[in-house]
Structures are given as structure tokens and as C-alpha cells.
Amino acid sequence: MAKPMRESDAWEICKLAFNKERTHKGCGSAVSKAAMDWAINHGEKRLFLLSNGKLKPAIHIYEKFGFREIKLDDYEYVRGNIAFEYIVEE
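Residues numbered from 1 in each chain as written. Predicted model: local features only at pLDDT ≥ 70, side-chain atom pairs only at ≥ 80, totals over all residues. Heavy atoms only, no water.

*Asks:* Would you take a moment to explain helix α1 (residues 27–41) for this structure?
*Replies:* Every α-helix carries 3.6 residues per turn, so stepping three or four residues along brings you back to the same face. Taking 1.5 Å per residue as the helical rise, α1 with its 15 residues ought to reach 21 Å, and the 21 Å between its terminal C-alpha atoms agrees with that figure. Turning to α1, its buried residues are Ser29, Ser32, Ala35, Met36 and Ala39. Taken around the axis of α1, the buried residues stretch over an arc of 135°, which confines them to a single face. Within two residues after α1, Gly43 carries a phi angle of roughly 95°, on the positive side. (Helix = DSSP H or I, 4+ residues; strand = E, 2+ residues; numbered from the N terminus. Expected span 1.5 Å × (residues − 1). Buried < 20%, exposed > 50% of the residue type's maximum accessible area, 1.4 Å probe, protein only. Arc of directions from axis to C-beta.)

What follows is the structure, encoded as C-alpha cells:
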């Protein structure tokens, strides 16, 4: 899901989860790409997401699609300790 962030110029990619029975089938990549495409097709220029550094498969997907790690002062969520952004190339 992609949603506009409060008081920001970015959309947050959020509410992603996985099914242990569907790992390594491309589902995570497909959902991530669909969320990105939807936000970009609706004019967004910056995408943002929060995650946890322990979630190596998720981080791999984010980096595969061009997200870069950024540092924040406040990660908002108790379990979130790593943030990423994607800037749309013009």
C-alpha cells in the first residue's frame, strides 16, 4: 500500500507482510513494484518506507528497486530501525 505521509512531500510504502509458504516466489517483489508504480503513476516524486534491519529479504527487495537507506531522528514505529527513500528520476 502507498499512502501520503503527514507533513511531507513523500508517499510511504507500508503494510507489507509475507507468507512463509510463498517465500522465494517473487511475491514481495511484485507487491513492492506495484505499490511503487501506483504512487509514481499518480505523480509522486519521492517514496519512503520504514523497516527493521533484521528483515534481510525485505531490505534486499528495497535495494533491488533503487531505495537508499536514510538516517532519521525519529523512526516513529517501535520495531522500525531503518528507513529508505526512493527519488523518482525525471
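*Asks:* Sorry, what's going on with the confidence of the model for the protein here?
*Replies:* Atomic detail in the predicted coordinates should be set aside for any region of low pLDDT. Of the residues in the protein, 81% reach a pLDDT of 70 or more, and the chain-wide mean stands at 81. Per-element mean pLDDT across the protein ranges from 47 in strand β1 (residues 2–4) up to 95 in strand β4 (residues 68–70). (pLDDT = per-residue confidence, 0-100.)

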